[in-house]
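# Structural overview
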Amino acid sequence: MNSKNENRRKFLRDSVQSAAGLMMVPLMSQATDLSPKKTASTETTQPLPAPRIKFAVIGMNHGHIYGQVNAVQRGGGELVSYYAKESELMADFKKRFPEAKAAASEKEILDDKSIQLVLSSGIPADRAPLGIRVMKSGKDYMSDKPGITSLPQLAEVRKVQKATKQIYSIMYSERLENKATVKAGELVQAGAIGKVIQTIGLGPHRMNPKSRPEWFFELDQYGGIITDIGSHQFDQFLFFTGSTEAHVVASEVGNVAHPEYPGLQDFGDVMVRGNGGMGYVRVDWFTPDGLKSWGDGRLTILGTEGFIEIRKNVDISGAPGGNHLFLVDQKETKTIDTSDVDLPYGRQLVDDVINRTETAMTQAHCFLTMELALKAQAQAERIKLS
């Protein structure tokens, strides 16, 4: 096996094991031994529901695809086939899902009239073009984030989605597949902290450069740090502030410590303002090896009557594990147990495929999230530290 293929294989294993994109997969010695039904955010002993739709996978360059499949299976989807151009990724996927058929080509899946939904975690720059082909074939689409990497891609996706009426969903897993964040949504909607004023989303990550494939360091392939990691934070900002309109106030990006990778952006931050509140975003690739997680992801939601803080992956001075939720109101400070929280996204998406509704995520929200990330990326001031 050549070094390029070996890097791909190592990246897939490491991204599944460490959940570098917020899937909360528990650390185990061999990522390929992980059951797709048992991640820290989705762990359950309940049997999968009876299949309600058939779905397929095209493109699996990031380990997030396993969390995507898990979510749809929990929602009543039956995985029937899969395809990737890379033979080693096909082989790894087959080990996890031997019940599904390995397709000979993308076309085989797109021509299969029984398949209603296609999932992808291909190279980020390839996700929107694939989604366009999927929608034109009469199928719905669910992409890993970022589901779109340029403003021209966004314009074309919007055009085709409007014409075909197919679903184009992006799985912003930091909110949709995190029990503490789902619970925070319930608390905010119930008025637990009054009216939301601001969100602060922090998305630090560990880079592990030796495990990364070549495209990880190519700006035109991953879209930039704000487009990529930051899309999670814009999704949360819009959701928790209830904003339906927003604009970027200021943004900056830079490669401040990794000159050996000229295409890499290792730091970015953004100020954003919407018609429901304000937001601040910071993302980076500086998580040190001493942390027992791939990153100390946090979300703070400030309200007029209190605030919520979520420590998604680790509480560095407290309880073990992830999904830590703290609420402070006018009466007390408390920690809220989120272990039994339901994760509805997969089920709602399957409902939407069947009923032609928008209960999992509206198209307007899906696209505005990426629009903000792409505009913040495009207008970002370049940082150069001495």
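So, how was this worked out
- Residues numbered from 1 in each chain as written.
- Predicted model: local features only at pLDDT ≥ 70, side-chain atom pairs only at ≥ 80, totals over all residues.
- Heavy atoms only, no water.
- Helix = DSSP H or I, 4+ residues; strand = E, 2+ residues; numbered from the N terminus.
- Buried < 20%, exposed > 50% of the residue type's maximum accessible area, 1.4 Å probe, protein only.
- Contact = heavy atoms within 4.5 Å.
- Areas by Shrake-Rupley, 256 points an atom, 1.4 Å probe, with all protein chains shown as cover.
- Salt bridge = Lys/Arg side-chain N within 4 Å of Asp/Glu carboxyl O.
- Axes fitted to C-alpha atoms, helices over the stretch in contact; angles between N-to-C directions.
- Left-handed = near helix turned anticlockwise from the far one by under 90°.
- Nonpolar A, V, L, I, M, F, W, Y, C, P; charged D, E, K, R; others polar.
- Pairing = 2+ DSSP bridges.

## Overview of the overall build of the protein
- The helix and strand inventory of the protein stands at 13 helices and 15 strands.
- Buried positions account for 59% of the 386 residues belonging to the protein.
- Taking as baseline every contact in the protein between residues at least 6 positions apart, the subset at least 24 positions apart corresponds to 70%.
- If you sum the accessible surface of the protein, you get close to 16000 Å²; carbon and sulfur atoms cover 52% of it.

## So, the pattern of salt bridges
- Per the counting criterion, the structure on display carries 21 salt bridges.
- Note that Arg311 is salt-bridged to Glu309, the shortest N-O span being 2.9 Å. Like Glu309, Arg311 is buried.
- Between Lys375 and Glu371 there is a salt bridge, and its shortest N-O distance comes to 2.9 Å. Of this pair, Lys375 and Glu371 both sit in helix 13 (residues 363-379), four residues apart, which is roughly one turn of that helix.
- The exposure class assigned to Glu371 is buried, which follows from its relative accessible area of 17%.
- Three or more residues joined by partner-sharing salt bridges are found here, namely Asp296, Arg298, Glu309, Arg311 and Asp315.

## Thoughts on unusual backbone geometry
- Omega for the bond connecting Lys145 with Pro146 falls within 30 degrees of zero, at -10 degrees, which places this linkage in the cis form.
- Looking at where Pro146 falls in the secondary structure, it is placed in the loop between strand 5 (140-144) and helix 6 (151-164).
- Even without being glycine, Lys165 reaches a positive phi, approximately 65 degrees.
- As for its placement among the helices and strands, Lys165 is situated in the loop between helix 6 and strand 6 (168-171).
- Overall, the relative accessible area of 58% leaves Lys165 in the exposed class.
- A positive phi angle is found at Asn323, which is not glycine, with a value near 60 degrees.
- With respect to the helices and strands, Asn323 occurs in the loop between strand 12 (306-311) and strand 13 (324-328).

## Points about the packing of helix 2 (residues 64-74) against helix 3 (residues 87-96)
- Remark: helix 2 packs on helix 3, axes separated minimally by 12 Å, with the N-to-C direction vectors making an angle of 35 degrees. In the packing of helix 2 onto helix 3, the handedness of the crossing is right-handed. Contact with helix 2, carried on its side by Ile65, Tyr66 and Val69, involves Asp92, Phe93 and Arg96 of helix 3 and no other residues of that element.
- Taken together, the residues of the contact of helix 2 with helix 3 sort by class into four nonpolar, no polar and two charged.

## What to know about the sheet that holds strand 13
- Taken in spatial order, the nine strands of this open sheet run 14-13-12-11-7-10-9-8-15, and their pairing is mixed. Edge strands, defined here as strands with exactly one partner in the open sheet, are strand 14 (333-336) and strand 15 (381-382).
- Direction of pairing for strand 7 (residues 196-204) relative to strand 11 (residues 298-303): antiparallel, over a ladder of six bridges. Bridging across to strand 11, Gln198 finds its partner in Leu302.
- Relative to strand 7, helix 11 (residues 230-241) is tilted by about 160 degrees, and along the sheet it contacts strand 7, strand 8 (246-254), strand 9 (267-274), strand 10 (278-284) and strand 11.
- Helix-sheet contacts for helix 13 involve strand 8, strand 9 and strand 15, and the interaxial angle to strand 8 is about 50 degrees.

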